[in-house]
Amino acid sequence: MANTTIASFLNQTTASPDTCVNVANYFCSDKGIILPIFVEATWPIALRAFLYLFAMLYCFMGVAIIADVFMCSIEVITSKTKTISIVKPGTDIVEEVDVRIWNDTVANLTLMALGSSAPEILLSIVGIIKTGFKSEELGPSTIVGSAAFNLLIITGVCVSAIPAGEVRKIKAVKVFAVTAFFSIFAYAWLYIVLVLNTKDVMDLWEAIVTFMFFPILVILAYIADKDYCSRRVDVEKETDHLELEYAGMAAELKPGHVNKQSVSEFVKEISKYSGGKLSPEEAAKLAALKIQENEKHDRSWYRVNATRWLVGGRKVSVNVNNSLKEVYDKAKNKDEVPLIIDSASDLSQGGTFSVVEFSASSCAVMESQGTVEVSVLRSGRTNTRVPFRYETIDGTAEAGSDYIPQKDVLVFEPGESMKNIKIVIVDDNQWETDETFFVKLSVDPDSGAVLGRKSINEITIINDDDPGVLDFTKPSFIFKESAGIASVPVQRTKGSDGVISVKWKTKDMRAVNGRDYVGGEGVLEFQHGETEKNIDIQIFDDKDFEKDEDFMVELSDAAGGAMIGRQRRTVVTIVNDDEYNGLVDRVLTIVNVNMDHLQLASSTWGGQFRDAMNVNGGDVENATTMDYVMHFLTFGWKVMFALTPPVNFLGGWLTFIVSLMGFIFLLTVIISDLATTFGCLIELEDNITAITLVAMGTSLPDLFASRTAARAEKYADASIGNVTGSNSVNVFLGLGLPWLIASIYWEAQGEKFAVPAGSLAFSVMAYSICAILCIIILVIRRIVPAFGRAELGGTPSLKYVSSGLMASLWVLYIVLAILETKKVIVVPL
């Protein structure tokens with residue numbers, strides 16, 4: 001062993017009078033299992049300390065990368081599905097759907113928690129083994145320090161990471177309540193067994209109970225997730241239970257196959273905002289981006305993506321350049337078309353929830369009309385009482401001078417499916433351009449209602465003191481050859497007073513009048529108050545394959561005082577169905593390739609080595625300078641961990657075992673050696689090293705993952721909902737398991753397992769107080785309107801205050817723990 005070699009070397013050097021080695025300076029050589037490998041007696045202490053610190057930080061990178069592989073195996077294991085037949089609630093329709101075998105809550109508290117906390121848990125196990133089944137400080141202190149960082153720093157960052165004006169709530173409140181309770185109880189229990197019951201001794205029964213709290217936590221969280229304890233009338237309970245189960249299964253479905261019809265509609269929609277210049281590859285990339293945004297991502301997805309952003313690995317998110325992103329954002333503001341077939345989800349959405357939305361996404365009103373009335377519809381479940389909020393928002397029209405602002409709450413009573421909102425329009429008798437404002441709907445997710453796609457209504461106030469200006473709405477239109485009629489809209493803006501008309505005529509381009517369409521000329525007439533009319537032109541479907549054909553429509557000779565606007569001409573393109581379908585097929589093929597590339601892990605060793613040896617997994621086009629730097633620094637780790645069996649072997653379990661019991665365990669042993677030796681070299685106690693360097697080093701990937709999840713997800717569960725559960729699991733597994741092993745060992749020896757309370761007990765007490773205060777802050781944010789009644793986000797000032805308080809609690813915890821360790825403060829235990 002390394003230490004035997006060192007001892008032999010020291011004996012030889014001290015025996016020789018000619019030796020120049022200062023034996024007294026060679027200390028801290030007995031702290032590790034593996035390290036030191038070399039004889040470092042002649043090295044300056046400062047150099048040794050620097051090298052050990054650098055090596056420890058570098059090993060943290062390695063742990064993050066192999067944890068990426070580990071999390072991928074967990075994702076494969078927990079995503080397994082089975083096919084079941086279900087009946088749509090309220091009908092006789094039977095459908096087969098694939099549902100996940102693993103419950104989300106159980107997966108989060110078992111494999112997911114193990115994946116994110118494996119280094120901390122193994123560090124405690126390694127510490128027990130390294131000391132000959134005696135208590136040590138590095139592992140337990142790392143678990144407490146990591147819990148403090150996770151709850152106080154990660155939660156604080158997530159609170160302030162939400163964009164201004166937005167909020168994120170915990171959806172599974174009952175599950176969060178269970179895990180939040182256990183995240184405090186777990187550490188209170190540690191204080192009880194370390195100080196209050198049998199001080200400085202861990203009895204066998206205490207170790208057993210500590211470990212058994214882990215399955216108890218999982219069972220109670222599962223019960224809360226399934227809501228088995230809710231009290232309702234039996235008949236209603238049975239009905240709702242079926243619908244909730246159905247909705248739950250729909251929510252757990254894997255993303256469905258890409259729908260060709262929806263891709264076709266998406267390509268049409270996106271083409272409107274790109275001028276028809278998108279290549280199939282670009283359209284496919286935007287389609288993949290939309291699909292990914294519609295998918296449900298768990299904590300493992302965000303953890304893996306965060307790690308790969310840090311180390312320059314293959315990203316599992318779609319990257320588009322600025323020009324494509326601009327096109328996508330423009331189209332995104334319109335009504336969305338779902339690109340994933342998920343019929344069970346659609347059914348549960350309609351049967352379990354009330355869907356609240358406007359009857360139309362826009363409307364127009366004459367200024368002289370005085371009021372405008374917009375209708376709000378409710379579909380889906382209509383037998384419940386559902387309140388909803390609405391408010392007006394300025395566009396080019398200003399509240400007070402152009403309309404009377406409103407902000408109120410309306411209620412759908414059971415059986416009601418429509419409500420009307422009346423808004424007063426101010427008629428100032430002065431000519432001005434047409435102006436717009438918006439009415440926005442919102443619902444409380446806890447009310448059993450969700451917003452439909454038309455949650456914002458754009459209202460245009462038309463100045464009716466002038467006949468108006470006529471022009472086309474767009475410079476070009478696309479119609480399928482099989483459509484039969486091309487309806488080209490002409491808009492009337494800047495007034496709608498009186499009866500006006502305009503002449504139109506067609507002009508051949510690649511399409512020929514009489515062969516491809518029925519052209520000519522005509523007159524389009526607008527009655528008083530009308531603001532949009534269509535020119536209907538018949539197009540022929542000859543069933544023959546041919547290229548796209550187009551013709552022009554032009555406006556002229558406006559009568560009745562009207563004028564013709566800037567868009568006096570438009571081009572109508574007739575798209576051949578065969579060619580269009582071919583385009584859609586090409587886009588669909590590329591989309592499927594893109595989605596395969598976005599899988600978390602490769603299914604072959606060859607794919608793993610390609611990802612490992614190429615910056616950004618081979619996607620050089622989207623690689624940044626930082627990607628190249630981090631890829632160079634972590635290249636060795638990536639290639640080494642590419643030896644791990646691919647995740648499709650034995651359903652992911654082989655990858656799980658090899659990465660955990662092989663690479664992660666080995667790295668944990670090395671980190672344990674590095675941390676204890678580094679602390680010894682700079683005369684820093686193990687518990688201080690643990691709660692600062694080691695805790696932060698193992699938790700940084702979780703910080704970036706949670707921040708990304710907080711911004712991307714609709715709810716806060718994926719960002720902070722798992723923190724409390726992970727903190728509880730750290731105690732019950734990370735301390736319960738090694739203490740159980742050590743207790744059994746010493747019980748067999750006829751002795752007791754000694755666990756000095758000391759600094760660990762004080763650290764536990766300080767953390768518990770800070771944790772209680774943090775949970776109180778979250779509860780206050782949930783119930784107080786000023787905070788947006790949500791755990792994350794809200795007004796900038798209050799969310800930064802919340803984050804600041806949580807960060808201050810973490811700093812206070814660190815300072816108190818250091819002062820107690822240094823005996824600056826003495827707390828009798």
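For every chain, the first residue of the written sequence is number 1, and numbering continues from 1 onward in sequence order. In view of the model being predicted, local features appear only for residues whose pLDDT reaches at least 70, and side-chain atom pairs are presented and counted only at 80 or more, with totals across whole chains, interfaces and linings using the full set of residues. The side-chain quantities take in all heavy atoms of the structure and omit both hydrogens and water.

### A word on unusual backbone geometry
Next, step 1: A cis amide bond links leucine 35 to the next residue, proline 36, at an omega of 0 degrees.
Next, step 2: For the purposes of this entry, the term helix denotes a DSSP run of H or I that reaches at least four residues, the term strand denotes a run of E that reaches at least two, and both are numbered from the N terminus. Along the chain, the position of proline 36 falls in the loop between helix 1 (2–15) and helix 2 (45–78).
Next, step 3: You will see that asparagine 616, though not glycine, has its phi angle at about 55 degrees, which is positive.
Next, step 4: Following the sequence through the fold, asparagine 616 ends up in the loop between helix 14 (605–613) and helix 15 (625–641).

### Thoughts on the sheet that holds strand 16 (residues 485–493)
Next, step 1: At least two DSSP bridges between two strands are needed for those strands to be called paired. The four strands are arranged 19-16-14-21 in an open sheet whose pairing can be described as mixed. For this open sheet the edge positions go to strand 19 (532–538) and strand 21 (563–564), each flanked by a neighbour on one side alone.

### Quick word on the pairing of strand 5 (residues 354–358)
Next, step 1: Each residue is assigned to one of three classes by its accessible area relative to the maximum for its type, calculated with a 1.4 Å probe on protein chains only: buried under 20%, partly exposed between the two thresholds, exposed over 50%. Burial analysis of strand 5 places five of its five residues in the buried class, which makes it a mostly covered element.
Next, step 2: Alternating positions in strand 5 separate into two faces, Ser354, Val356 and Phe358 on one and Val355 and Glu357 on the other, with burial throughout.
Next, step 3: Pairing of strand 5 with strand 7 (residues 371–380), which is carried by five bridges, proceeds in the antiparallel orientation. Among the inter-strand pairings, serine 354 is bridged to a residue of strand 7, identified as glycine 380.
Next, step 4: In terms of strand pairing, strand 5 meets strand 12 (residues 449–451) through three bridges, oriented parallel. Each bridged residue has a counterpart across the sheet, and for valine 356 the counterpart in strand 12 is leucine 451.

### Observations concerning the sheet that holds strand 7
Next, step 1: One open sheet holds the four strands; their spatial order is 10-7-5-12, and the pairing between them is mixed. The sheet is open, and its two borders are formed by strand 10 (418–424) and strand 12, each paired with just one other strand. Adjacent strand axes in the sheet meet at a mean angle of 25 degrees, parallel and antiparallel pairs treated alike.
Next, step 2: Bridge analysis of strand 7 against strand 10 gives seven bridges, and the strand direction is antiparallel. Bridge assignment links serine 375 to a residue of strand 10, and that residue is asparagine 420. What counts as an axis is a line fitted to C-alpha atoms, over the stretch in contact for a helix, and the angles between N-to-C directions run from 0 to 180 degrees.

### Notes on the state of the cysteines
Next, step 1: Count a disulfide wherever a pair of cysteine sulfur atoms falls within 2.5 Å. According to the stated counting rule, one finds one disulfide in the structure shown.
Next, step 2: Shown here is the disulfide that connects cysteine 28 with cysteine 680, its sulfur atoms set 1.9 Å apart. When the S-S torsion is -75 degrees, as for the bridge of cysteine 28 with cysteine 680, the disulfide is left-handed. In this pair, cysteine 28 sits in the loop between helix 1 and helix 2 while cysteine 680 sits in helix 16 (residues 653–681), placing the two residues 652 residues apart along the sequence.
Next, step 3: The class of cysteine 28 is buried, set by a relative accessible area of 4%.

In short, the description is geometric, and any link to function would need to be established separately.
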